[in-house]
Amino acid sequence: LDEAQSAGSRYGSTYTTAGDEPQRTDCPITIVLTDTSGNESGKLSGRSLKFDFNAPSLSNIAVTESPVKTGGVITVAFTADEPPAADPGVALAPGDKPVAFVKDPSSNGLNYAYTYTATGSETEDPAGLGVTVDLTDEAGNDRSVRLERNALFDFTAPRLKSAPVVAPAVARSGMTVT
C-alpha cells in the first residue's frame, strides 16, 4: 500500500493494481495501526477484496426454435462464467435498432434463457438476423458477443410454382395415380 494519508482520526490509503493479482479470489485486507511509541493495534478490518481484470465469457450458447413464423418464440440460452453486475442484455440486431429479448423465468444462477416472440414485422432474410449478448461483470469489465447462429424468420406460406398435374384424370381399380 502507498503511505497512508490522515485527517484527524480518519485515515485513508490507496493501492494501485499491478495486474498480476490473483483473479476472483478473496484477498484479505489487514490494517495495523502503530502509534508514535511503536505500539501496534493488532490486525483490524476483517474485509477482503477481489480482483477481476477479465471480461466475462459465455459458454453453452444455444439459439432454438429458429426459423419461426408470426407468434413463434426464439430462445437464446447461455452460461456466464461469473456473476454479472446486472442481467445480461440479449437483442436482435436488425440494423441500428436492436430489439430486446425478455429474460425467461427459467434463468437460474449463471444459466440464462431469453425469449423473443416474432411479430411478423421482422426481416425474412435467408441469412437471418444477428443476435447479441451484452454483459458487464461486478468489476465493470464489459463483453459483447455476436452469436454465431442467427435468428431466422419465415412468414411466407409455401406455394407451388405451377398447378399440380394428376394423371390419369380417370383411374380404375389397381391403377397408380401420380
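Refer to the structure presented above.
No experiment lies behind these values; they were computed from the predicted model shown.

**Observations regarding the packing of aromatic side chains**
- A full pass over the atoms with the stated rule returns eight aromatic pairs.
- Where Phe 78 meets Tyr 114, the ring centres are 6.1 Å apart and the plane angle is 10°; that geometry is what we call stacked. Here the residue Phe 78 occupies a position in strand β6 (residues 73-80), and Tyr 114 occupies one in strand β10 (residues 111-117), the gap between them amounting to 36 residues.
- In this structure Phe 78 comes out as buried when scored by relative accessible area, which is 2%.
- Under the relative-accessibility criterion, Tyr 114 is labelled buried at 3%.
- Measuring from centroid to centroid gives 5.4 Å for Phe 101 and Tyr 116, while their planes differ by 45°, and the two rings are tilted. On the criterion of sequence distance, the pair formed by Phe 101 in the loop between β8 (99-100) and β9 (102-103) and Tyr 116 in strand β10 is long-range, its members being 15 residues apart. You'll find Phe 101 and Tyr 116 in the same group, each marked buried.
- Three or more aromatic residues link up through ring pairs in this structure, and these residues are Phe 101, Tyr 116, Phe 153 and Phe 155.

**Focus on the sheet that holds β8**
- The four strands are arranged β8-β7-β11-β12 in an open sheet whose pairing can be described as antiparallel. The open sheet terminates on both sides in strands that have one partner only, identified here as β8 and β12 (142-146).
- The pairing of strand β7 (residues 89-92) with β8 spans two bridges and is classified as antiparallel. If you follow Leu 92 over to β8, its bridge partner there is Val 99.

The rules behind each value
Residues numbered from 1 in each chain as written. Predicted model: local features only at pLDDT ≥ 70, side-chain atom pairs only at ≥ 80, totals over all residues. Heavy atoms only, no water. Phe/Tyr/Trp six-rings, centres within 6.5 Å; stacked < 30°, edge-to-face > 60°. Helix = DSSP H or I, 4+ residues; strand = E, 2+ residues; numbered from the N terminus. Buried < 20%, exposed > 50% of the residue type's maximum accessible area, 1.4 Å probe, protein only. Pairing = 2+ DSSP bridges.

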